[in-house]
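# Structure at a glance
Residues per chain, in single letters:
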Amino acid sequence: MKDQKLTVNPLLNSIRKEYEIHVLLEEQCHKDPVIQFERWLKDAIDTGDDHANAMVLSTVQANGMPDSRVVLLRNISYGGFTFYTNYKSKKANDINGNSKASLLFFWKELERQIRIQGEIKFLPTKESDDYFRERPFESRVGAWASQQSSEIKNRKELDDVFENKLKEFAGQDVPRPEHWGGYVFLPSRYEFWQGRPSRLHDRIQYQMDGTKKIWNRTRLMP
Ligand SMILES: Cc1cc2nc3c(=O)[nH]c(=O)nc-3n(C[C@H](O)[C@H](O)[C@H](O)COP(=O)(O)O)c2cc1C
């Protein structure tokens, strides 16, 4: 491959960061990882991060190729992490073929990362109905207008579909389309990462012992 001279390359080498705000010791970690997760999520929200609930969801497509994208965490219930999307999207297609996936949270201000592996299941339709009803009118119409991940000719085509749907639903209650709803991500492994000086970061892993149904906690080298 021909080497490109990109002006960003020297900048990349000049970015150096020492992590020194927090520590993560075993005695601070709750034995239930979802409680530990909740603590860290609250900390992230408290920093004023308006994307504190943004998470990278990675799925695997049929040919083994992984794919990642950001989705928003909307609830922690049914033993897992809830997000909403289009059931005919690329990610939904990946999940249909392989329900194993991973989540990643990165909270820059706190120098923290959480990696989670698990399995994805459909959320009960009632939950999706309830959540959909709470969304603003335009977002509800948007769910009807977008065939997420399908190809489209240009922006105008999308805007026209949206305009038509706005007219169609004007003054009406917008029902949840069947192709739109929630998933719940059920974790089987968590890793809490806290940046520390000299790259000697703290990494605490929780792994579900499937037979005993308990979480085993271990520390990993940075
Ligand atoms: C901050 C942020 C939040 C997002 N939240 C969602 C979400 O909650 N649900 C969703 O379907 N897509 C969300 N997206 C868009 C996805 O990243 C992605 O583009 C879309 O879901 C299509 O992905 P797919 O083609 O892999 O199915 C978000 C993107 C960003 C950057």
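Residues numbered from 1 in each chain as written. Predicted model: local features only at pLDDT ≥ 70, side-chain atom pairs only at ≥ 80, totals over all residues. Heavy atoms only, no water.

Residues Leu6, Val8, Leu11, Leu12 and Ile15 make up a contiguous nonpolar surface patch of about 480 Å² in total accessible area. Assignment of secondary structure puts Leu6 in the segment before helix H1 (8-14). (Patch = residues over 30% accessible without salt bridge, like charges linked within 9 Å, V, L, I, M, F, W, Y side chains within 5 Å. Areas by Shrake-Rupley, 256 points an atom, 1.4 Å probe, with all protein chains shown as cover. Salt bridge = Lys/Arg side-chain N within 4 Å of Asp/Glu carboxyl O. Helix = DSSP H or I, 4+ residues; strand = E, 2+ residues; numbered from the N terminus.)

A word on the nonpolar core. General note: in soluble globular proteins, nonpolar side chains tend to be found buried as a group. The biggest cluster of nonpolar side chains holds 30 residues, and the ones touching the most others in it are Phe37, Trp107, Ile114 and Ile116. Mapped by element, the contributors of at least two residues to this core are helix H2 (33-46), strand E1 (54-60), strand E4 (80-86), helix H3 (90-97), strand E5 (100-107), strand E6 (112-122), strand E7 (180-194) and strand E8 (202-209). Apart from the residues within four sequence positions on either side, Trp107 is in contact with Phe37, Trp40, Leu41, Ala44, Asp49, Ala52, Arg112 and Ile114. In terms of nonpolar packing, the next biggest core, distinct from the first, is built from 11 residues, Tyr84, Phe132, Val141 and Val174 among them. (Core = buried A, V, L, I, M, F, W, Y, C linked by side-chain atoms within 4.5 Å. Buried < 20%, exposed > 50% of the residue type's maximum accessible area, 1.4 Å probe, protein only. Contact = heavy atoms within 4.5 Å.)

When we look at a pair of aromatic rings, we describe it by the centre distance and by the angle of the planes. Tallying each qualifying case throughout the model produces 21 aromatic pairs. When the centroid spacing of 4.9 Å and the interplanar angle of 65 degrees are considered together, the rings of Phe37 and Phe105 count as edge-to-face. Of the two residues, Phe37 sits in helix H2 while Phe105 sits in strand E5, which places them 68 residues apart along the sequence. Taking relative accessible area as the criterion, Phe105 reaches 0% and is therefore assigned buried. (Phe/Tyr/Trp six-rings, centres within 6.5 Å; stacked < 30°, edge-to-face > 60°.)

To continue, consider the pairing of E4. Most of E4 sits inside the fold, with 7 of its 7 residues counted as buried. In terms of strand pairing, strand E3 (residues 75-77) meets E4 through 3 bridges, oriented antiparallel. Considered in E4, the bridge of Asn75 is made with Thr82. In this antiparallel pair of consecutive strands, E3 and E4, the connection spans 2 residues, and Tyr78 shows a positive phi of 50 degrees. (Pairing = 2+ DSSP bridges.)

Functional significance is not addressed by these values, which are geometric in nature.
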